[in-house]
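# An overview of the molecular structure
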Number of protein chains: 4
Amino acid sequence: MKIREHCGVFGIWGTPDAAVRTYYGLYALQHRGQESAGIVVSDGKQVVSRKGLGLLNEAISRDDVAGLKGHLAVGHVRYSTTGSKRVQNIQPLVIEYSQGLIAVAHNGNLVNARTLHTEYERRGSIFQTSTDSEVIVHLLADPDHASRPDRIGHCLNHLKGAYSFLLMTPTQLIAARDPLGFRPLCIGKIGDAHVVASETCAFDLLGARYLGEINAGELVVIDENGLRSEQFAHAGKRSQCVFEHIYFARPDSYIFGTNVHTVRMNLGRNIAIEHPADADVVIAIPDSGRSCAMGYALASGIPLDRGFVRNHYVGRTFIMPEARDQGVDIKLNVVRPVVQGKRIVIVDDSIVRGTTSKGRIKKLRDAGAKEIHMRISCPPIRHPCFYGIDFPTTTELFAAKHSVEELRDFLKVDSLQYQSIEGLLASLGEQANHYCIACFTGQYPVRPEEKMEKLSMETHS
Amino acid sequence: MKIREHCGVFGIWGTPDAAVRTYYGLYALQHRGQESAGIVVSDGKQVVSRKGLGLLNEAISRDDVAGLKGHLAVGHVRYSTTGSKRVQNIQPLVIEYSQGLIAVAHNGNLVNARTLHTEYERRGSIFQTSTDSEVIVHLLADPDHASRPDRIGHCLNHLKGAYSFLLMTPTQLIAARDPLGFRPLCIGKIGDAHVVASETCAFDLLGARYLGEINAGELVVIDENGLRSEQFAHAGKRSQCVFEHIYFARPDSYIFGTNVHTVRMNLGRNIAIEHPADADVVIAIPDSGRSCAMGYALASGIPLDRGFVRNHYVGRTFIMPEARDQGVDIKLNVVRPVVQGKRIVIVDDSIVRGTTSKGRIKKLRDAGAKEIHMRISCPPIRHPCFYGIDFPTTTELFAAKHSVEELRDFLKVDSLQYQSIEGLLASLGEQANHYCIACFTGQYPVRPEEKMEKLSMETHS
Amino acid sequence: MKIREHCGVFGIWGTPDAAVRTYYGLYALQHRGQESAGIVVSDGKQVVSRKGLGLLNEAISRDDVAGLKGHLAVGHVRYSTTGSKRVQNIQPLVIEYSQGLIAVAHNGNLVNARTLHTEYERRGSIFQTSTDSEVIVHLLADPDHASRPDRIGHCLNHLKGAYSFLLMTPTQLIAARDPLGFRPLCIGKIGDAHVVASETCAFDLLGARYLGEINAGELVVIDENGLRSEQFAHAGKRSQCVFEHIYFARPDSYIFGTNVHTVRMNLGRNIAIEHPADADVVIAIPDSGRSCAMGYALASGIPLDRGFVRNHYVGRTFIMPEARDQGVDIKLNVVRPVVQGKRIVIVDDSIVRGTTSKGRIKKLRDAGAKEIHMRISCPPIRHPCFYGIDFPTTTELFAAKHSVEELRDFLKVDSLQYQSIEGLLASLGEQANHYCIACFTGQYPVRPEEKMEKLSMETHS
Amino acid sequence: MKIREHCGVFGIWGTPDAAVRTYYGLYALQHRGQESAGIVVSDGKQVVSRKGLGLLNEAISRDDVAGLKGHLAVGHVRYSTTGSKRVQNIQPLVIEYSQGLIAVAHNGNLVNARTLHTEYERRGSIFQTSTDSEVIVHLLADPDHASRPDRIGHCLNHLKGAYSFLLMTPTQLIAARDPLGFRPLCIGKIGDAHVVASETCAFDLLGARYLGEINAGELVVIDENGLRSEQFAHAGKRSQCVFEHIYFARPDSYIFGTNVHTVRMNLGRNIAIEHPADADVVIAIPDSGRSCAMGYALASGIPLDRGFVRNHYVGRTFIMPEARDQGVDIKLNVVRPVVQGKRIVIVDDSIVRGTTSKGRIKKLRDAGAKEIHMRISCPPIRHPCFYGIDFPTTTELFAAKHSVEELRDFLKVDSLQYQSIEGLLASLGEQANHYCIACFTGQYPVRPEEKMEKLSMETHS
């Protein structure tokens, strides 16, 4: 599936090479955002940042990293929609205000940002970006808040929606997660240094120990006095994003305390039991369908094989108009002897518009597949997300407008089955009721104050 | 395994967008060479080329490709050792001589290039590159050869060693393969146009039909009069490079007429039978061990699982000195619940220095693996290659200097087994005796005329 | 003389290719600032900007210019001190606030910017740049000012110091000059379109007609309803910057209504009368001393000759450390037969540190000059400027700390004479009492509210 | 005048920072070629080169220069016609052949290069460039020449036409000038090091002492044994290029032993006497007409003034199509009060197509000039040059096809006068009969063997 996403955040306090560690932390989180990247570092006095568009290595050069000196750093990788590729929107935002300098790295989406933005503009404030994240700085700069002892927590309580924040001053690393815990945020240690990241795979790369999640409604401050934690808001009913497990996160990560590959194997096992198929071979749509296909093969007893090979250099080519017209698939190729004359179960994580899947089904047919049974690891996506996942609009979402039968006919497969809601929940284990599954059910934990569809501000992170 | 490699060639005659097709043909062959790339195109009169260092998209820009107009093109991707990253060595070589302009794309290695080079210099000729490939042009420019009707075949007969050549004049595409057939070269069609490539995966990407191999000792000329073929030399005993199947080629390609993934599955099945293990799970070292691990799991009945996850952005990061010191593995991460408390069979394609494998074994132990049984899909590599595969020097090749037991102790695995020569041959099917396996046995089909170790000329392609 | 300078502004309303015209307008003003350049264009709705460091052609590419569509544009070229080469400080500033979007191009220096900055920060406002120019936008955004009919004039009246402003909204071009008229600002027409620029040489390049100056205290608004002018403040005693005539402006420009070359010829004539010399030849330090040397030759009857040739490629080379050590003068070379055995009058516009002049005097001696009589076109500079001219600090200014005799000994010239204050005023003609000559006399027309020396904000434009 | 030109060469033996000195030597010679630049350096063993298109600082970066280590270097700046901007043609050519490595820097044009090229191709040799300069290397590589003790002189004797060569082997700097001495080549010393350059201004920049010219037909070899000179050919009747004095060379240089500014002053004095004018002011077309205008003013007694100001940033802008259409003159602007109501003598070095001059005359009229009398410092150019000066084709040369009266009418001037041949010769002093003036007279010192107009090889240097 191709869903437009999102963000990864990383922070560290306490190693002399904080920027280098942040670089590799972000590299491990690169799958969470490929449109821009930034690192901000501090030596306790001087704050320096490097940001740019594109992948981490395009946005920030080796010399850039080598030049970023300090023991404290935060970083951000980000997806953004085309219109908003404005350089000043690249995070971490670095803003000077009356209280000094602050850097902001945000994963999630605020549902009352527009309201707050308008209110502050009316008072004469000027915004620098078109991101929802900037409102936190205007809240902090507000003279009514500036003198409170609980300043940061007080300001966070003005926000509604999804946020995992890393804030940085010249001396402090501050991590905070919204009271419903929409987006992940983990904490770990390397020696005496603290690290905070969206996923645990960043800890593994650096050899850091995973300590656990930042809690919903928790605010953590790390500085030369060590780590202090407070609960700035009562945690509400957990609304963890189920899509982190289905699609976004890396299989090796622990998200909301559970390993992603394990959940996906479960999804595959459950759908194999719900929707068996009389077939010769199970194949995955690489790379996102692989764990689920393994689960399907295991539970069904049908052998797993490699029906598609993925070009390793995807993302390092460009598409010429001629190639597009000729239907060149730069990503996947069929392994002919695996599919020729076979009855195939093909496993994918989800279907958005359906056009890419249709092309791949055709390639299997052209290579001689006898029967094709498609299994999707999650239920049909029928509702928009207000908390940071940028699904296509409802009109583009095939499942929002058509029945499963219509999709089966469109794709020209012999059978097509989705995971049930029950199968999904069963795969998540004990915490199943701590997840937000609004994109399948339409039941939203927090309603946006403003018409989200009309937001001129970009939905980001 | 990390072997230094090598070359891919692609040519096309007969589509108006020859350069765009060549670009995608080379993209499909990118795994055969990442150090430089070049495309030469002709509209029948004007010949234009674009070349550069790095991956295809770094070497040649979108605008470059769009500007290359013509119906005839050849391209080349190439590995080269550090010292020889001279821009003028980037292929296709484009040389003007008395007979006009010629472009040369070469995969393989000539064993008498130094002898010919010296001979022509003595006559007053001046060489432009330090590649062995340039001698073919001096042979063609030689006034003794210039007037012969069989000029090209006559000149090819002066060469010894491995070569799959694509030559291009302003009007002709010429393909030739050495009489022992060391390196692959395939021919196909798209509509009325002919395509020639190192591997069939390039045909699949373009929607071309695979017609078969260029034969050993065959010379094919394609121009406005169509395709003409001649046998410029009697084909000798076939010496097809077995390493194409073990490591280089893509699993979806047909090489020497046989599918690569199928051969690798066979290698896995054979070693599972030769060297069973009492274990809970089979895991592959991605990406090259995956087909073989599937074969092992199938033949042994032990379930396959994903013990390692590969970062998709490998090759798009840089290694800071600090990270190297901290042992950061930018490529693979362990999926902890897959290995914790398990007895594991780990399958890899080969072992060169042993240091990378050792690090990964340690990561499995750190993640809680109980037993580790390593299986290698080919026999130990103990001899250098003179035909285009750039193995490390004998002193660096662990297997050339140590017993399997010593390696097992070095790696700290519970058992270590290699494929036998017999198992290897069995996996190749009917054509087993058509392969060069000198790197395992030391029995060379053609001896070099000159001391290859002392060649100041670079070993390339 | 090498004085660190400053800014040029250009604006246009009413031609379909406003950005191209602005590009050439800035090119004509390039001598006013080489460190950064920017153009902002509007088609009445969409506002787009391009900015960058370096000369105009480094900052803004041909494609950039071609892509800037609209009938309304403002541009800026700028000098800035090293510490402040922050990209966000490059003008025109483009800021979105409650009233929409505004672009700001500023030439001059405000003396109460720090006071206003601090006041707005206390209210919760956040600043985006470290320039003094940004305060005008915060004044405009202030809800107390927003609703006034005379909003812009009202806000300008809060500012003290030197400013020639070009402001741009999506539909309007606004030009304003401070009540004392420190910096120049001219208005002209091309067909029906209006143009505004720092110097008339920009009009000449574009074939525009020069209409006259924007008056001190005048505010001009140009939009689809034509041009409207108002006097937002009573013009005070004119304080036109005399350095525009002595050094900054181009000889072909009219500044404050008077041609620059003519003033410089007058300066040369006056000093020839005040300080004659018994000599064979008059030579200029190119390029800034040339007009003055012509005046000296004319009034003295001593023939003018080319003693120095200027390398045309100055600014397009870099200085290697070795070259600096060897005293390589990349700018000027002596024409030996012109100076050998001669008694020379050498004319320069001013002396700052004295080191460059000393080197050139030595070159004349080495080439065989018999006597050297130096004449400087202005009086000694002894006081800092608060209105936008970035002289070296007082300690670096030779004349601020030493007598003319000490300087003569330091330079090793046979005689050294400066222009007198009276000679200077005489050269300026009827308007002589409309000039600020504080850098010579220390009598300042407006005192800064804050200690200018301690400003952490950069002095710019 | 805008004549397409040509080359500058520089070489040095004996300073540890040879590349840095060569960089500055070439910078002083930048006016001799702006299309490409190259430096080759040797430490006695290793030879390294850096080359590129554009001005010196575009072609070779600061880091490039810093990385070029050795005591021996040669450099080249070059003009080339559009079609031949092939990177491999950039000089110094660096070629490896049987005798080792050689670098070639050439100023001039060979008239028998095509003949030699064809002859060597027939023998099987392959050429790397389309320059005439490469033939010298094929002559040196010829086994018939290789063993001769007078090898280099022997090979030079095969060449016909104009050449000032700098050749470099890993240990030797070799300078040679053709027997008629068409192009300049000077020798000097810095400490114990020898320097060779096209013009003496390169010596001045480096603080080198000018020793004199390399003689016509002289070959100089500089290495660790010092300097050796031989006369490889009898010097014929000197044919020094008069255009070096009229236009190419810098005013501060000594060329063929005479100072350029002095010759140009003489040209101005002579034409003032031959062709007086009743006028108020003499003005030059900057920059090439300035010395001549000074001579005119001096001899006529009419005061010199600055009628045009040259934009210092010419060459650092690009021309947008719109600007071209609007007749934007990016180079010169009129100083209105200098010309308004005046009778003007305008002095230029030459007229090629006439269109640029026509535009400038019009600007003077628009600024109010009452009468315009044009004086050209040389006679009309009516014949092509075969020795390295790339005049426009005869059809584009206004003077080749039209009378002076026709040109006067075309330009719309009140009078137009050229220098006479006699006046030209008188300006050159005692050596007047040592010059080639074929472009004025059509009497060529050496006829080309081949039809030069049809040369597919580029005329270069």
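For chain A, the helix and strand inventory stands at 18 helices and 23 strands. Taken against the 2.2 N^0.38 rule, which gives 23 Å for 461 residues, the C-alpha radius of gyration of chain A at 23 Å falls within 12% of a compact globule. Taken along the three principal axes of its C-alpha coordinates, chain A extends 70 × 45 × 45 Å. The proportion of buried residues among the 461 residues of chain A is 63%. Taking contacts inside chain A between residues at least 6 apart in sequence as the whole, the part at least 24 apart equals 70%. Entry remark: accessible area of chain A is about 16,200 Å², with carbon and sulfur atoms responsible for 48%. The averaged location of the 50 negative side-chain charges in chain A is 4 Å from the averaged location of its 52 positive side-chain charges.

Counting from both sides, the interface comprises 61 residues of chain B and, opposite them, 61 residues of chain A. Note on chain B versus chain A: buried area summed over both sides is about 5,700 Å², and carbon and sulfur give 57% of it. When the area that chain B buries against chain A is broken down by residue, the three leading residues are Arg306(B), Arg316(B) and Phe318(B), summing to 15%. At the surface where chain B touches chain A, the tally comes to two salt bridges. Across the pair Arg306(B) and Asp287(A) runs a salt bridge, and its minimum N-O distance is 3.6 Å. Seen at the junction of chain B and chain A, the total is 32 residue pairs in polar contact (both at pLDDT 80 or more). Counting residues per element, the side of chain B that touches chain A draws most heavily on helix α1 (residues 18-28) of chain B, at six residues. Within the side of chain B that touches chain A, the residues separate by chemical class into 31 nonpolar, 15 polar and 15 charged.

All names here are of chain A. In space, the four strands of this open sheet follow the order β17-β20-β21-β22, with parallel pairing throughout. Two strands bound the open sheet, and with one partner strand each, they are β17 (281-284) and β22 (415-418). For this sheet, the mean angle separating the axes of adjacent strands, direction not counted, is 20°. The pairing of strand β20 (residues 343-348) with strand β21 (residues 371-376) spans six bridges and is parallel.

In this section: the domain arrangement of chain A. One frequent convention defines the size of an interface as the accessible area lost when the parts assemble. Residues and elements named next belong to chain A. Here the domain parsing of chain A yields domain 1 (7-239) and domain 2 (260-435). Spacing between the C-alpha centres of domain 1 and domain 2 amounts to 34 Å. At the junction of the two partners, domain 1 supplies eleven residues and domain 2 supplies eight residues. Summed over both sides, the interface of domain 1 with domain 2 buries roughly 730 Å², with 57% coming from carbon and sulfur. In this assembly, domain 1 and domain 2 are joined by three residue pairs in polar contact (both at pLDDT 80 or more). Here the residues of the side of domain 1 that touches domain 2 sort into four nonpolar, four polar and three charged.

Residue and element names in this part refer to chain D. Within the structure shown, the criterion is met by 56 aromatic pairs over all chains. Ring geometry for Tyr 163 and Phe 165: centres 5.4 Å apart, planes at 40°, overall tilted. Seen from their ring centres, Phe 203 and Tyr 210 are 6.4 Å apart, and the 40° between their planes marks the pair as tilted. On the basis of relative accessibility, which here comes to 0%, the residue Phe 203 falls in the buried class.

This part takes up the interface of chain D and chain C. At the junction of the two partners, chain D supplies 61 residues and chain C supplies 61 residues. Buried area between chain D and chain C, both sides added, is near 5,700 Å², and the carbon and sulfur share of it is 57%. Between chain D and chain C we count two salt bridges in total. Inspection of the chain D/chain C interface yields 32 residue pairs in polar contact (both at pLDDT 80 or more). In terms of residue class, the side of chain D that touches chain C is made up of 31 nonpolar, 15 polar and 15 charged.

Laying chain D over chain C is done by rotating through 180° and shifting 0.0 Å along the axis; what remains is an RMSD of 0.1 Å. Each copy turns onto its partner about a two-fold axis. Using C-alpha coordinates, one finds that chain D approaches the rotation axis most closely at His312(D), a distance of 4.0 Å. By residue overlap, the copies meet face to face through one surface: 100% of the interface positions of chain D are interface positions in chain C.

Quick look at the packing of helix α10 (residues 260-274) of chain A against helix α17 (residues 421-428) of chain A now. Residues and elements named next belong to chain A. Orientation of α10 relative to α17, taken along the N-to-C sense of each, is 140°, at an axis distance of 8 Å. Handedness of the α10/α17 crossing: right-handed. Across the interface between the two elements, Val 263, Asn 266, Leu 267, Asn 270 and Glu 274 of α10 pack against Gly 423, Leu 424, Ala 426, Ser 427 and Leu 428 of α17. Considered class by class, the residues forming the contact of α10 with α17 number five nonpolar, four polar and one charged.

For the rest of this paragraph, the subject is the relation of the copies chain B and chain A. Each copy of the chain is related to the other by a rotation around an axis and a translation along that axis. The transformation that overlays chain B on chain A combines an axial shift of 0.0 Å with a rotation of 180°, and the residual RMSD is 0.1 Å. The share of interface residues of chain B whose copies in chain A are also at the interface is 100%, consistent with both copies meeting through the same surface.

Right, let's get into the arrangement of the chains. One finds no contact linking chain B with chain C; the least C-alpha distance across the pair is 15 Å. Note that chain A does not reach chain D: the shortest distance linking a C-alpha of one to a C-alpha of the other is 15 Å.

What counts and what doesn't
Residues numbered from 1 in each chain as written. Chains lettered and ligands numbered in written order. Predicted model: local features only at pLDDT ≥ 70, side-chain atom pairs only at ≥ 80, totals over all residues. Heavy atoms only, no water. Helix = DSSP H or I, 4+ residues; strand = E, 2+ residues; numbered from the N terminus. Rg over C-alpha atoms; globule rule 2.2 N^0.38 Å. Buried < 20%, exposed > 50% of the residue type's maximum accessible area, 1.4 Å probe, protein only. Contact = heavy atoms within 4.5 Å. Areas by Shrake-Rupley, 256 points an atom, 1.4 Å probe, with all protein chains shown as cover. Lys, Arg positive; Asp, Glu negative; His and termini not counted. Charge placed at Lys NZ, Arg CZ, Asp CG, Glu CD. Buried area = accessible area lost by both parts, 1.4 Å probe. Salt bridge = Lys/Arg side-chain N within 4 Å of Asp/Glu carboxyl O. Polar contact = N/O pair within 3.5 Å; in protein donor to acceptor, adjacent residues only side chain to side chain. Nonpolar A, V, L, I, M, F, W, Y, C, P; charged D, E, K, R; others polar. Pairing = 2+ DSSP bridges. Axes fitted to C-alpha atoms, helices over the stretch in contact; angles between N-to-C directions. Domains from an automatic or database assignment. Phe/Tyr/Trp six-rings, centres within 6.5 Å; stacked < 30°, edge-to-face > 60°. Least-squares fit on C-alpha atoms with pLDDT ≥ 70 in both. Left-handed = near helix turned anticlockwise from the far one by under 90°.

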